[in-house]
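Structural features, examined
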Amino acid sequence: MKSIVLANQKGGVGKSALATQLAHYAHSIGLRVLVIDLDHQRNTSRPLTSHSTVTTTSFSSADLLNGNAIAQGQEHRFVLVAGDDRLTGLEKQADNHNRFATNLRTFLSSRAGNFDLCVIDTNPNPDIRYASALISADYALAPVQLNQEAIEGIAGLLAHPRYGLSKIKAALNPKLHFLGILPNMVEPTPFQRRNMTLLTEKFGNRLLSDDRAGSPKYAFVPKRSAIAEAQAAGMFLPELKKTSARDACNELRPVLDTILYRMGLHLHEEANQ
Ligand SMILES: Nc1ncnc2c1ncn2[C@@H]1O[C@H](COP(=O)(O)OP(=O)(O)O)[C@@H](O)[C@H]1O
Ligand SMILES: [Mg+2]
C-alpha cells in the first residue's frame, strides 16, 4: 500500500475535492482504496459516505488516532475512515501527540496488505493531525490556487520550522516524497497566467510534473463547476451525466493518472495493453 497526504496550510484550495475524486478514480481502475479524513469539516467524508461503492468503518479517524481502530472493513475494496468533531480536541492533548502519530503509522502498516492506495485528507491548520499524516505517509501533494497569497504560502508549506515538509522529512519521516504543488481551479485569465509564470519561476522544480512523453510538463486542474457539483452531490465526476462533466473528466483524468503513476500505482495502461 502506498499512502498520499493532501496537504496545504490553506483551506479552499481543493484538497478534499481532489482527495475524493482521486480515491474514486483509483477504485474505478481496480485499486483497493482506503481513505482517512483527518479534517473535522468532513469534506471528504461527506461525499464518500453517501456513495454506494464505499464502506465506512464504525470507528472515526479520531478513534484511529486514539488507538481505537478495530479490525473491520479490510475485505472491502473502497473503505472510508471518516472524520468527526472530536478531531478538534486532539491538539490540546499535548501529552498524547506522539501516541497519535504512532497510532496512525501502526494503523497504516496493519492495513498495508489489504489496500493498494491510502488517501489522507488533512485540515488546513498545521497541528498534530496534519503532522501525524506527514510523519506516516509515503507521498504528499499540495494543491494550490493561483493567487499571490497562496504562492507566498508555499514557502511555509515547504520550510515551516516545525511542520514544513522538508523538516518533517529530515527529522521524522525520511521516506516522505513530495510529489509536488498542483495548481487547482485554474482559470485562463491574464492574472492567473501571470501567477502561473511566477510559480514556475519560483518553484518549478517543486511542481507536480510528468516526464512521460505526450504529457504536459506541469500538471494543473482547471476550474470546472462540474467538480464542485460532483462533490456536493457525493458523486464520482463521470457519474454526472452532462457534457460539462465529461469535459472536466477528460481534464482531470490525466492529472489523477500522473499522481498514481508518480506513486508507482499506475495500472491503467497495463490494463489497456
Ligand atoms: N477544480 C475545481 N473546479 C471547481 N471547483 C472546485 C475545484 N476543486 C475544488 N472545487 C470546489 O472548491 C471548494 C473548496 O474545495 P475543497 O476541496 O473543499 O478545498 P479544501 O479541502 O482545500 O478546503 C469546494 O466546493 C470544491 O468542490
Ligand atoms: Mg478540505
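Scroll up to find the structure this text is about.
One structure accompanies this document, and this report is about it. Within each chain, residues carry numbers counting from 1 in the order of the written sequence. Each chain gets a letter, beginning with A, and each ligand a number, beginning with 1, in the order they are written. Reporting in this predicted model follows two pLDDT cut-offs: at least 70 for local features of residues, and 80 or more for side-chain atom pairs to be given and counted; totals over whole chains, interfaces and linings ignore these cut-offs and use all residues. Calculated side-chain values reflect all of the structure's heavy atoms, with hydrogen atoms and water omitted.

As a further point, take helix H5 (residues 128-136). Most of H5 is tucked away: 9 of the 9 residues are buried. Among all positions in H5, only Ile128, Arg129, Tyr130, Ala131, Ser132, Ala133, Leu134, Ile135 and Ser136 are buried. The term polar contact refers here to a pair of N or O atoms within 3.5 Å; inside protein, the definition further demands a hydrogen-donor-capable atom paired with an acceptor-capable atom, and it admits residues adjacent in sequence only when both atoms are side-chain atoms. Put simply, DSSP H or I for four residues or longer makes a helix, DSSP E for two residues or longer makes a strand, and each gets a number counted from the N terminus. Its side-chain oxygen at 3.0 Å from the backbone nitrogen of arginine 129, aspartate 127 defines the N-terminal cap of H5. For every residue, the accessible area (1.4 Å probe, protein chains only) is compared with the maximum for its type, and the residue is labelled buried under 20%, exposed over 50%, or partly exposed between those bounds.

Around ligand 1 there are 17 residues in total, and Gly12, Ser16, Ala17, Asn184 and Arg224 lie nearest to it. Arginine 224 is positioned with one of its backbone polar atoms (N or O) 2.9 Å from a nitrogen atom of ligand 1. Starting from 560 Å² of accessible surface for ligand 1 in isolation, the protein chains cover 80%. Contributing elements (two or more residues each) for the shell around ligand 1: helix H1 (15-28) and helix H9 (225-233). Only a single heavy atom is needed: when it lies within 4 Å of a molecule or strand, its residue is near that molecule or strand. Values of accessible area rely on a 1.4 Å probe in the Shrake-Rupley scheme; residue burial ignores everything except the protein chains shown.

Moving on, we get to the packing of aromatic side chains. Each pair of aromatic rings taken from Phe, Tyr and Trp, with Trp reduced to its six-membered ring, is defined by centres within 6.5 Å and is described as stacked if the planes are under 30 degrees apart, edge-to-face if over 60, and tilted in the remaining cases. Within the structure shown, the criterion is met by 2 aromatic pairs. Taking 5.9 Å as the distance between ring centres and 75 degrees as the angle between the ring planes, the aromatic pair formed by phenylalanine 59 and phenylalanine 107 counts as edge-to-face. With phenylalanine 59 in the loop between strand E3 (55-56) and helix H3 (61-65) and phenylalanine 107 in helix H4 (residues 97-110), this pair connects stretches of sequence that are 48 residues apart. Considered together, phenylalanine 59 and phenylalanine 107 belong to a single accessibility category, that of buried residues. Here tyrosine 130 and tyrosine 163 contribute two aromatic rings whose centre-to-centre distance is 6.4 Å and whose plane-to-plane angle is 80 degrees, an arrangement assigned as edge-to-face. A residue pair is termed long-range when its members are at least 10 positions apart, and tyrosine 130 in helix H5 and tyrosine 163 in the loop between helix H6 (148-159) and helix H7 (165-171) qualify at 33 residues. Pair check on accessibility: tyrosine 130 and tyrosine 163 agree, each one buried.

This part takes up the pairing of strand E7 (residues 177-183). Along any regular strand the residues' side chains alternate between the sheet's two faces. In terms of burial, E7 is largely enclosed, as 6 of its 7 residues are buried. Alignment of strand E6 (residues 139-144) against E7, held across 6 bridges, turns out to be parallel. Residue pairing for E7: tyrosine 139 is matched across the bridge by histidine 177. At least two bridges found by DSSP between two strands are what make those strands a pair.

Nothing here speaks to function; it is all geometry.
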